[in-house]
Structures are given as structure tokens and as C-alpha cells.
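Spelled out from the first residue to the last, the chains are:
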Amino acid sequence: METSPVLSCSTLVVLVVYTHKLLDGMEDSNKQGLHHNKISSYTPLDIMQGSMEIPPQHLEGFTTVFGMAQAVGALTVILVAVWAGHYRGGFTWRSNPDHEFNWHPVLMTFGMIYLYANSIMIYRAFRNNQKRRLKLAHMLIHFTTFILVIIGLVAVFDSHNLKNPPMPNLYTLHSWIGLSAVILFACQWVSGFITFFFPGLQSPLRAAYMPVHVFFGLAGFIAAVIAALLGLTEKALWVLQDEYSKLHSEGILINCIGVLLVAFAGLVMYLVTEPRFKRQPLPEDEMLLTSGLE
């Protein structure tokens with residue numbers, strides 16, 4: 001199995017993306033501030049009469065980087081499924097605890113990393129859609145993620161408890177950080193639902209809470225990636241033991257998955273923190289906000 005192209009390409013992606021961000025970040029941040037002030041100065045009458053002019057955004061590179069993120073993320077999920085299916089014996093439920101465990105890395109990678117990231121990026125990827133629709137999609141993707149996470153947790157607890165003799169739970173660093181990420185994710189979903197969706201707080205309170213929601217959303221995503229990296233290393237050391245240091249094919253695959261996880265996280269963080277790519281309010285968003293429906 002050839003690993004050098006994967007390692008080199010993933011590393012190059014991260015270096016190119018962050019170099020570009022450092023060069024353009026400060027200038028574009030100023031542009032975004034001017035853009036927001038201009039939109040905020042319009043009245044509801046301006047919006048209804050269609051006289052609200054929206055300055056163009058500079059989105060060069062967004063489609064390319066977003067496509068790269070999707071490709072890297074999808075490849076990561078596929079390789080985790082290949083690893084669990086081919087090297088770890090496939091998938092069952094409680095009839096075989098070792099094979100039931102294999103659902104855990106697949107569902108957690110797909111849910112807590114890939115879907116979680118896409119839910120975060122949805123406001124920038126579909127910037128021309130109404131904000132209320134994006135909020136609904138954001139919430140539903142997170143809810144789907146939570147269901148997958150619950151199944152993934154049941155699988156790992158079963159794989160420990162149904163062994164003969166049973167294995168202890170929640171004693172590794174992987175489990176501590178992973179469970180912390182899940183708890184943070186659940187708290188984020190509940191607080192976001194109450195604040196932004198139903199019953200929904202008043203605009204000043206939503207505006208005050210938004211930076212907190214964004215920060216802990218990104219923190220939860222990063223914690224999930226860290227937990228995945230720790231889990232991969234832990235599993236490789238347990239099942240491969242001395243073979244891991246001999247560049248066994250399974251160990252190489254696990255390492256490649258880890259590199260892809262880091263590359264995916266880097267691309268996602270760039271897309272959601274680059275000021276040029278921030279979604280700007282649409283005229284209908286301003287109308288909903290002033291009418292209290294947003």
C-alpha cells in the first residue's frame with residue numbers, strides 16, 4: 001500500500017490553505033466589517049422596496065477548498081469503513097462483541113466529524129438560502145449526528161460489557177475526551193435549539209450568545225478529532241502490538257486515516273474562520289429580523 005502520496009498531499013493541502021489565510025485575512029476582515037455596516041444601515045422600507053444593494057463578496061477559492069474538504073472527509077469515512085470491515089472482521093451487533101465494536105469508529109467518524117463539520121459549514125456553503133432554512137438544516141444534521149453517536153456509544157459499551165470477562169469502561173484518555181466532546185455537542189444542540197429555534201430568545205440575547213455558540217461548536221469539533229486520533233493510536237497499539245513498528249499494512253492504513261483527519265480538520269477550520277467566506281445577511285433575513293420572525 002502506497003502511503004507517501006496521501007501523506008504528502010494532505011500535508012501540502014494544510015500548508016497551502018493556511019498560507020493563503022495568513023496573507024488575506026486582515027484585509028478581508030476589514031472589508032467584511034464595512035459590508036456588514038452598510039447592510040445594517042438599511043431600513044425595512046428599503047428592503048421591501050427592493051432598494052437594498054448588497055456589495056459583492058470576494059469568494060475566490062471557496063469552491064475549491066470546500067470541494068477538497070468534502071473529498072478528504074468522504075475518503076476518511078470510507079477508509080475507516082474499509083479498516084473496520086476488512087482488517088477488523090466486519091460488522092455484527094451483540095452476537096459478536098468484537099465485531100459490534102466496529103460500528104463505533106465508523107459511526108463516530110461519520111457523525112461526530114464528517115456530519116458535524118458539514119453542519120458547521122452549511123451557512124457558508126449555502127449562503128444564498130434563507131437563514132431560517134439554514135438554521136433548520138443545521139439543527140436536523142446535528143440531530144442526525146446525535147442519533148448516530150448514541151448508536152456508536154452503545155456499540156462500544158456493549159463490546160466491553162459483553163466480553164467474557166467484561167472489560168472496564170471509561171479509563172482511557174480517548175474515552176474521556178470523546179465523552180467530553182459528546183456531552184459538549186449535546187449541550188450545544190439543546191442551547192442552540194432553545195436560543196435560535198424554539199422558543200427563541202430576543203435578538204439582543206441571541207446576538208450575545210452567538211459567539212459562545214460558535215466557539216464551543218468549533219471546540220466540540222476539534223475535541224472529536226482529537227478523540228478519534230487517540231482512539232486510532234490506542235487501537236493500533238492494542239491489536240498490532242509489535243507489528244505496528246514493522247509498518248504492518250493495517251498500521252499504515254490507520255496512520256493514513258489519522259493524517260486525513262488532521263487535513264480535514266484544517267480545511268474545515270479554514271473555511272469557517274476565513275472572514276471572506278462569512279455569510280452576509282440577505283434582504284429577507286433583515287425583514288425577518290425586524291418582524292421578529294428570524
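Residues numbered from 1 in each chain as written. Predicted model: local features only at pLDDT ≥ 70, side-chain atom pairs only at ≥ 80, totals over all residues. Heavy atoms only, no water.

(A) Structural detail: unusual backbone geometry. Each neighbour pair has its own omega, and for Asn164 with Pro165 the value is 0 degrees, a cis peptide bond. Structurally, Pro165 can be placed in the loop between α6 (131-161) and α7 (173-197). Residue Pro199 follows Phe198 across a cis peptide bond; omega there is 0 degrees. Its identity is not glycine, yet Leu170 carries a phi of approximately 55 degrees, on the positive side. Note on placement: Leu170 falls in the loop between α6 and α7. In this structure, Leu247 is a non-glycine residue whose phi angle is positive, near 55 degrees. Within the element layout of this structure, Leu247 appears in the loop between α8 (203-240) and α9 (249-273). (Helix = DSSP H or I, 4+ residues; strand = E, 2+ residues; numbered from the N terminus.)

(B) Looking closely at the side chain of Gln280. Here Gln280 shows up in the loop between α9 and α10 (283-291). There is a polar contact of 3.4 Å between the side chain of Gln280 and the backbone oxygen of Lys278. (Polar contact = N/O pair within 3.5 Å; in protein donor to acceptor, adjacent residues only side chain to side chain.)

(C) Fine view of the confidence of the model for the protein. Mean pLDDT over the protein works out to 83, with 77% of the residues at or above the 70 mark. Here residues 1-52 scores under 50 on pLDDT; set against residues more than four positions off or in separate chains, the count is 60 contacts. (pLDDT = per-residue confidence, 0-100. Contact = heavy atoms within 4.5 Å.)

(D) Quick peek at the environment of Met68. Position of Met68 relative to the elements: it lies in helix α3 (residues 62-87). A relative accessible area of 27% means that Met68 is categorised as partly exposed. (Buried < 20%, exposed > 50% of the residue type's maximum accessible area, 1.4 Å probe, protein only.)

(E) Region of the structure containing the side chain of Thr109. Turning to its location among the elements, Thr109 is positioned in helix α5 (residues 103-125). When its relative accessible area of 9% is taken as the criterion, Thr109 is described as buried. Here the side chain of Thr109 touches Pro105 through a polar contact of 2.6 Å, landing on its backbone oxygen.

(F) Here's a closer look at a nonpolar patch on the surface. On the surface, a nonpolar cluster with roughly 510 Å² of combined accessible area is contributed by Phe91, Trp93, Trp103, Phe143, Ile147 and Ile151. Ranked by residues supplied to the nonpolar patch, first place goes to α6 with 3 residues. Of the residues examined, Phe91 reaches a relative accessible area of 33% and is grouped as partly exposed. (Patch = residues over 30% accessible without salt bridge, like charges linked within 9 Å, V, L, I, M, F, W, Y side chains within 5 Å. Areas by Shrake-Rupley, 256 points an atom, 1.4 Å probe, with all protein chains shown as cover. Salt bridge = Lys/Arg side-chain N within 4 Å of Asp/Glu carboxyl O.)

(G) View of the nonpolar core. If you look at the biggest cluster of nonpolar residues, it comprises 52 residues, and the most contacted ones within it are Met112, Ile113, Phe221, Ile257, Leu261, Phe264 and Leu271. Looking at this core, the elements with two or more residues in it are α3, α5, α6, α7, α8 and α9. Among all residues touching Leu261, those that are not within four sequence positions of it are Thr76, Ile113, Val225, Ala228, Leu229 and Leu232. (Core = buried A, V, L, I, M, F, W, Y, C linked by side-chain atoms within 4.5 Å.)

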